[in-house]
Amino acid sequence: MTSRAVKAPSRAGSLALVGGGLALDFCNTSSGRGTDRHLEHLQTPSDVLTWACHAAIVDELSVARLRAVLDENQKLATRFLKRALELREAVYQLTAALVRNEPADQTIINVIAANHAACLSKGRLVTDQGAFGWTWTIDDAPEEIILGPITSSAVAIITAADRARLKRCEGHNCGWLFLDTTKSNNRVWCEMEPCGNRAKQSRRRHSRLRGEP
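Residues numbered from 1 in each chain as written. Predicted model: local features only at pLDDT ≥ 70, side-chain atom pairs only at ≥ 80, totals over all residues. Heavy atoms only, no water.

Q: What is the right way to look at the environment of A77 in this model?
A: Inspection of the secondary structure assignment puts A77 in helix α4 (residues 74-99). Expressed as a C-alpha distance, the spacing of A77 and T44, which sit 33 residues apart in the sequence, is 8.8 Å. Residues contacting A77, with those up to four places away along its chain left out, are P45 and L70. (Helix = DSSP H or I, 4+ residues; strand = E, 2+ residues; numbered from the N terminus. Contact = heavy atoms within 4.5 Å.)

Written as structure tokens, this is what we have:
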């Protein structure tokens with residue numbers, strides 16, 4: 001089923017970060033995929049930057065510099081948004097397949113792999129107090145400074161995470177992805193509020209309609 005995103009203001013700067021991993025939180029910048037309540041919060045390149053700051057990929061000063069770079073180069077800005085959305089949907093589709101215990105589509109895997117390789121090619125592996133990590137600069141990699149950490153997170157999740165703990169929220173018109181870190185591995189909702197509470201209210205309404213106490 002295809003869907004068109006409902007026109008609504010972006011909440012990129014205030015979305016709950018409950019995925020348990022940067023790449024999963026990135027996937028959760030859209031909800032209700034395949035329904036008539038599909039919400040898209042990355043509507044513009046600026047929205048991507050707003051979310052990246054909210055998710056602590058970059059700070060406010062870096063966001064201001066990146067906005068200036070994208071404002072001066074509309075071709076770059078258009079490409080950046082397209083890359084971000086293509087990467088997000090590839091990670092979402094692959095992770096959702098893992099949740100369903102279905103075979104992964106190699107085409108989708110290739111999208112993630114290509115983005116990861118492209119980001120690493122423009123980054124530097126550095127060490128800080130014994131810890132290693134990749135870093136990018138705005139001058140050399142204005143797109144990759146945002147997408148690089150996301151691709152690294154995606155690769156780590158799909159290659160190292162316990163697949164039994166990868167889940168998709170069962171809330172109505174939600175579909176957010178998350179890594180269940182509860183001891184009992186019985187988490188069902190992205191958040192109890194609103195998805196869990198909505199489900200409880202729906203069950204109560206149905207019970208009343210059936211005449212149950």
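Q: How should I be thinking about the packing of α4 against helix α5 (residues 106-121) in this particular structure?
A: In a packed pair of helices, the relevant descriptors are the angle between the two axes and the axis-to-axis distance. In contact at an axis separation of 9 Å, α4 and α5 are set at 130° when each is read in the N-to-C sense. Of the possible angle classes, the one that applies to α4 and α5 is oblique. Considering only the axes of α4 and α5, their crossing is left-handed. Contacts between α4 and α5 involve R83, E86, L87, A90, V91, Q93 and L94 from the first element and I108, I109, V111, I112, N115, A118 and C119 from the second. (Axes fitted to C-alpha atoms, helices over the stretch in contact; angles between N-to-C directions. Parallel < 35°, antiparallel > 145°, perpendicular 65-115°, else oblique. Left-handed = near helix turned anticlockwise from the far one by under 90°.)

Q: Just checking my understanding: could you explain the confidence of the model for the protein for this structure?
A: If pLDDT is low for a region, its predicted coordinates should not be looked at in detail. Confidence along the protein averages 91 in pLDDT terms, with 90% of residues attaining 70 or more. Under a pLDDT of 50 for its full length, residues 203-210 has, in the predicted model, one contact with residues more than four places off or in other chains. (pLDDT = per-residue confidence, 0-100.)

Q: Please clarify how the packing of aromatic side chains should be interpreted in this entry.
A: One pair of aromatic rings is described through two measures. These are the centre distance and the angle between the planes. Applying the stated criterion across every chain yields a total of one aromatic pair. A ring pair is formed by F26 and W51, whose centres lie 5.2 Å apart and whose planes are at 50°; its orientation type is tilted. Of the two residues, F26 sits in helix α1 (residues 22-27) while W51 sits in helix α2 (residues 45-54), which places them 25 residues apart along the sequence. Comparing F26 with W51 shows no difference in burial state: the two are buried. Between the NZ or CZ atom of R33 and the centre of the ring of Y92, over which it lies, the distance is 3.7 Å. Its guanidinium or amino end placed over the ring of F178, R187 lies 4.0 Å from that ring's centre, counting from NZ or CZ. (Phe/Tyr/Trp six-rings, centres within 6.5 Å; stacked < 30°, edge-to-face > 60°. Buried < 20%, exposed > 50% of the residue type's maximum accessible area, 1.4 Å probe, protein only. Lys NZ or Arg CZ within 6 Å of the ring centre and 35° of its normal.)

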